[in-house]
Amino acid sequence: MKRIFIVAGIVCLNAMLLSAQSKKSQLLVSELDKKVDALIAKMTLEEKVGQMTEVTSDVVSTTTNGVHQIDDAKIKEAILKYHVGSILNVSGHAYDRKHWFDVISTIQKEAAQDRLKIPVIYGIDAIHGVTYTTGSTLFPHEIAMAATFNKELAYKAGEITAYETRASYIPWNYSPVLDLGKSPLWPRIYETFGEDPFLIKTMGASIIKGYQGNDVGDKYHVAACMKHYLGYGDPIDGKDRTPAWIPDRYMREYFLPPFAEAVKAGAKTLMINSGEINGVPIHASKYMLTDVLRGELHFDGIAVTDWRDIEYLHDRHHIAATQKDAVMIAVNAGVDMSMVPYEYSFYNYLVELVHEGKVSMARINEAVHRILKVKYQLGLFERPVGNPDDYPKFGSDEFKQISVQAATEAITLLKNNNNILPLKKDVKVFVTGPTANTMRSLDGGWSYTWQGDQSDSFAANKNTILEAIQQKIGKDNVSYEPGASFDSLQNVNDAVKAAKKADVIVLCLGELSYTENVGNIDDLNLPAAQIELATELTKTGKPVILVLAEGRPRVVTQAENQSAATVMTYLSGNEGGDALASILFGDANPSGKLPFTYPKYPNALVNYYRKNLENGNSDDSHGYNPLYEFGFGLSYTTFSYNNLHLSKPDLKDGETLLVTVDVKNTGQREGKESVLLYTSQLYASIAPDTKRLRAYDKINLKPGEKKTVTFKIKASDLAFVNDISKTVTEPGEFKIQIGDQTQSFNFISNTVPSRTGKL
């Protein structure tokens, strides 16, 4: 009994300590708010509007004969005349750390000359590592990170990226992308964590915590920027920055949860969707930017526009008759900072609008409060420029190994007929295809340059797929011919001749680097030249290992049908070539699983959680029939699932359902397995999804080893958004699926929602 009292006392003490810490945190926030308000009280209107203005680095720079530097006259104009609060981007291509130090130091020295000495907040797209600093650690893109199903890796990648971003003297990272990667056509799908809302929100929250740490103001962490709020990833035609039609219920069910989770994770800033939904540009939507974002999600950080997007309210969307009207609409809707980015029209118009009473001073003060608060939280007033000596691990082998691990765990084995993989190291290998010998197809866009088109130069010390294979088994065992460019055949006859002399063909198809509108396509099919190369090589009778290095699932059905094995590398970063070679030759065991549904046909684009309507379809052969399903991925070992057990047959309000399953490695190799838990509701007031991912865990098992994996399910995990946009969990029967195991349970609610949404 005494022991019980001691334990109870410890629990109470911990609760008191947590409560004290919470009160202390609230007090600190309150004191910070007072400090911010005191500074705002000293500011002129012009100084406030300057804080809301963000320009690109070209506005304050000159580049002569390839040499970039901050221009004295331009930076004085930006800071002393317009009081610019933020600068972003890079001119031309990546800089080394020394040049970044010079750039940031020059900017902050000028800011110290302004009347109130408010530091500039510099922002950069460090979306898979510090993409614009030479020598940095480049990780796989988010789509590949999602394929790891490893939240710890996402956290580590975020932590390292933050360290190296601060080592570049930059405190603000425009990442992560939390858009729903729903449309395979969309050119930015590789920047997302895939098509599933739960996977996106959990991986996103992990990387945000890695970016921001326990103290975003220390010298090793940065402010995260969740983007692009909201609904950017599902344009009707699949093209970048084009209209979407998304009902409010659908928006809340699939698109909003990752952002809600990011707010809970503490993300300091947010970037707004460049597109329009149901005819309303998000930059003009008070409903989205104020009612939902602030009122419902309680986000209190900076909302920054994307590139030129206030201007586009007039030029592209045609909802503002003039550029001045566009500024009025956007700021009144809830925009805090405008990525203008090339000139000062936003500043001039906004000053005029306040004088005219069309934008209130209260709205200006609200936006400036958020901006200054983040600057204080980042420690910029005390440390506007970092110390170069504080970052000895920049570009270190320690960091590189995490990137290697991420690439290795991401790469997904989709087919392995007759266990042709892994290959023996004494085989003769013919390597070919447009993605075989370029870093562009490993790094993708946002790598050293916006489009990643100089990766072969900047990452010359890294291994392409060809170079990694040569290094793994020796150049004497490897032959190479390109065979085809991305969209045309090249020396295909030479390729066939070389293939006939080899034991196995490694055929590397896919895409070159791109991002945003440059990556728009009209046909999801891989270009015909690549498929023709695959067909000609198959005629040799030699086994073809198809390697797909691509940012989105291009349709490759014909080539894939002819392969002996198929491996998906996504855009796996600077270490992707080495990771792939390790997998092909058995030094590593693949464990990636698809974070999207891989389509078989260009007009059959269906996500895995589709509505279960096949039984009502007169022609079921044209229903859900993907090439590979979300969550699919093979290993060089085998895993069995047994003893799926639920702690109770009925789940009630306020209770937790414990779900356990035994996973055993039944093969001969050590391997990692992502254990995915799905639920299905049999009947609901809204036609239920076929299944939804609700939990996952990644485990490592030695041959013969068994582990029991435990998940916890609550009523809120089963909720959906009903036809009046209310989030509800309706009573009824549910099915849980883990691997090939299924169990059913009932949810029993004491407060059954009515059809009016009232309890």
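Figured I'd write up the structure that's included with this text.

## Description of the packing of helix α18 (residues 465–473) against helix α22 (residues 576–584)
Interaxial distance between α18 and α22 falls to 8 Å at its minimum, and their mutual angle equals 50°. Taken together, the axes of α18 and α22 are oblique relative to one another. Crossing geometry of α18 relative to α22 is assigned as right-handed. Residues I465, A468, I469, Q471 and K472 of α18 pack against G577, D578, L580, A581, S582 and L584 of α22. Among the residues making up the contact of α18 with α22, the classes are represented as six nonpolar, three polar and two charged.

## Regarding the sheet that holds strand β22 (residues 671–681)
Strand order across the open sheet formed by five strands is β20-β28-β27-β22-β23, with mixed pairing between neighbours. Only two strands of the sheet have a single neighbouring strand rather than two, namely β20 (650–652) and β23 (692–701). Averaged over all neighbouring strand pairs, the angle between strand axes comes to 25°, with direction disregarded. Taken together, the three bridges between β20 and strand β28 (residues 741–748) define a ladder with parallel strand orientation. For D650, the partnering residue across the bridge sits in β28 and is N746.

## Examining the packing of aromatic side chains
One pair of aromatic rings is described through two measures. These are the centre distance and the angle between the planes. In the structure shown here, the tally under the stated rule is 29 aromatic pairs. When the centroid spacing of 5.6 Å and the interplanar angle of 85° are considered together, the rings of Y190 and Y514 count as edge-to-face. Pair noted here: Y190 is in the loop between β6 (172–173) and α7 (197–212) and Y514 is in the loop between β16 (504–510) and α20 (528–538), with a separation of 324 residues, a long-range link. Taken as a pair, Y190 and Y514 share a single burial class, namely buried. With a centroid separation of 5.1 Å and an interplanar angle of 75°, the aromatic rings of Y608 and Y609 are classed as edge-to-face. The same class applies to Y608 as to Y609, namely buried. Ring-pair connections join several aromatic residues into one group, and the members of that group are F149, F198, Y250, Y254, F255, Y608, Y609, F630, Y678 and Y696. Between K151 and the ring centre of Y696, over which it is positioned, the NZ or CZ distance is 4.0 Å. For K691, the ring lying beneath its charged end belongs to Y678, and the centroid distance is 4.2 Å.

## A short note on the sheet that holds strand β19 (residues 639–646)
Across the sheet, three strands lie side by side as β19-β21-β24; this open sheet has antiparallel pairing. For this open sheet the edge positions go to β19 and β24 (706–714), each flanked by a neighbour on one side alone. Strand-to-strand twist across the sheet, computed as the mean angle between neighbouring axes with direction ignored, equals 20°. Where strand β21 (residues 656–665) lies against β24, nine bridges are found, and the strand directions are antiparallel. Bridging across to β24, V663 finds its partner in K707.

## Considerations on the nonpolar core
W100, Y229, L350 and L693 are the most contacted members of the largest nonpolar core, which has 173 residues in total. Among the elements that take part in this core, α7 stands out by supplying eight residues, more than any other. Once residues within four sequence positions are removed from consideration, W100 is found in contact with N89, V90, Y95, Y122, I124, Y132, T133, S168, Y169 and I170. One finds A94, L423, C508 and L580 within the second-largest nonpolar core, a separate group that totals 36 residues.

## Looking at the packing of helix α6 (residues 151–166) against α7
With their axes 7 Å apart at the nearest point, α6 and α7 run at an angle of 35° to one another. Between α6 and α7 lies a crossing whose hand is right-handed. Here α6 contributes K151, A154, Y155, G158, E159, T161 and A162 to the contact with α7, which in turn contributes T202, M203, S206, I207, K209, G210 and Y211. Grouping the constituent residues of the contact of α6 with α7 by class yields six nonpolar, five polar and three charged.

## Points about the side chain of N273
Counting through the fold element by element, N273 comes out in the loop between β8 (269–272) and β9 (276–277). Classification of N273 as buried rests on a relative accessible area of 1%. In terms of polar contacts, N273 uses its side chain to reach the backbone amide nitrogen of G275, at 2.6 Å. Discounting chain neighbours no more than four positions away, the residues touching N273 are H228, Y229, L230, G231, Y232, I282 and H283.

## Some thoughts on the environment of G295
Summarising the element assignment, G295 is placed in helix α10 (residues 286–296). Through-space distance from the C-alpha of G295 to that of S57 is 34 Å; in sequence the pair is 238 residues apart.

## Details of α22
Count 3.6 residues to each turn of an α-helix, and residues three or four apart come out pointing the same way. In terms of burial, α22 is largely enclosed, as eight of its nine residues are buried. If you check which residues of α22 are buried, you get G576, G577, A579, L580, A581, S582, I583 and L584. Where α22 is buried, its residues contact α15 (397–410), α16 (440–443), α18, β16, β17 (544–549) and β18 (565–568). Phi for G586, located one or two positions after α22, is positive at around 80°.

## As for the pairing of strand β14 (residues 429–432)
Here β14 shows two buried faces, one formed by V429 and V431 and the other by F430 and T432. Where β14 and strand β15 (residues 478–481) come together, four bridges link them in parallel fashion. For V429, the partnering residue across the bridge sits in β15 and is V478. Pairing of β14 with β16 involves four bridges; the strand directions are parallel.

## Details of the side chain of S563
Looking at the secondary structure, you find S563 in the loop between α21 (557–561) and β18. Residue S563 is classed as buried on the basis of its relative accessible area of 4%. The residues contacting S563, other than those within four sequence positions of it, are K415, N417, V544 and L546.

## Section: unusual backbone geometry
In this chain, S175 is followed by P176 through a cis amide linkage whose omega measures 10°. Looking at the element boundaries, P176 is found in the loop between β6 and α7. Geometrically, the link from L421 to P422 is a cis peptide bond, its omega value of 0° lying close to zero. Notably, H83 is not glycine yet its phi reads approximately 55°, a positive angle. A positive phi angle, near 60°, is found at H298, a position not held by glycine. Mapping H298 onto the fold places it in the loop between α10 and β11 (302–304). Here H298 falls in the exposed class, since its relative accessible area comes to 59%.

The rules behind these values
Counting from 1, residues in each chain are numbered in the order their sequence is written. pLDDT decides what is reported in this predicted model: residues at 70 or higher carry local features, side-chain atom pairs at 80 or more are listed and counted, and totals for whole chains, interfaces and linings draw on all residues regardless. For side-chain calculations, the full set of non-hydrogen atoms in the structure is used, while hydrogens and water are omitted. Axis lines are fitted to C-alpha atoms, over the contacting stretch for helices. Their N-to-C directions set the angle, which ranges from 0 to 180 degrees. Only DSSP runs of H or I with at least four residues qualify as helices, and only runs of E with at least two residues qualify as strands; both kinds are numbered from the N terminus onward. An angle below 35 degrees is treated as roughly parallel, one above 145 as roughly antiparallel, one from 65 to 115 as roughly perpendicular, and anything else as oblique. Helix crossings fall into two classes, left-handed where the near helix is turned counterclockwise from the far one by less than a right angle and right-handed where it is turned clockwise. Any two residues whose heavy atoms approach within 4.5 Å at even a single point are treated as in contact. Under the grouping applied here, Gly and all other residues not named as nonpolar or charged are polar, the nonpolar ones being Ala, Val, Leu, Ile, Met, Phe, Trp, Tyr, Cys and Pro and the charged ones Asp, Glu, Lys and Arg. Between any two strands, pairing holds if DSSP finds at least two bridges. In this scheme Phe, Tyr and Trp rings, the latter by its six-membered ring, pair at centre separations within 6.5 Å, and the angle between planes marks the pair as stacked below 30 degrees, edge-to-face above 60, and tilted otherwise. Residue exposure (1.4 Å probe, protein chains only): buried if accessible area is under 20% of the type maximum, exposed if over 50%, otherwise partly exposed. Comment: the charge-over-ring label is applied if NZ (Lys) or CZ (Arg) is within 6 Å of the ring centre and within 35 degrees of the ring normal. Buried residues of nine kinds, namely Ala, Val, Leu, Ile, Met, Phe, Trp, Tyr and Cys, make up a nonpolar core once their side-chain atoms join them within 4.5 Å. Polar contacts here mean pairs of N or O atoms no more than 3.5 Å apart (in protein, one a potential hydrogen donor and the other a potential acceptor; neighbouring residues in sequence count only if both atoms are side-chain atoms).

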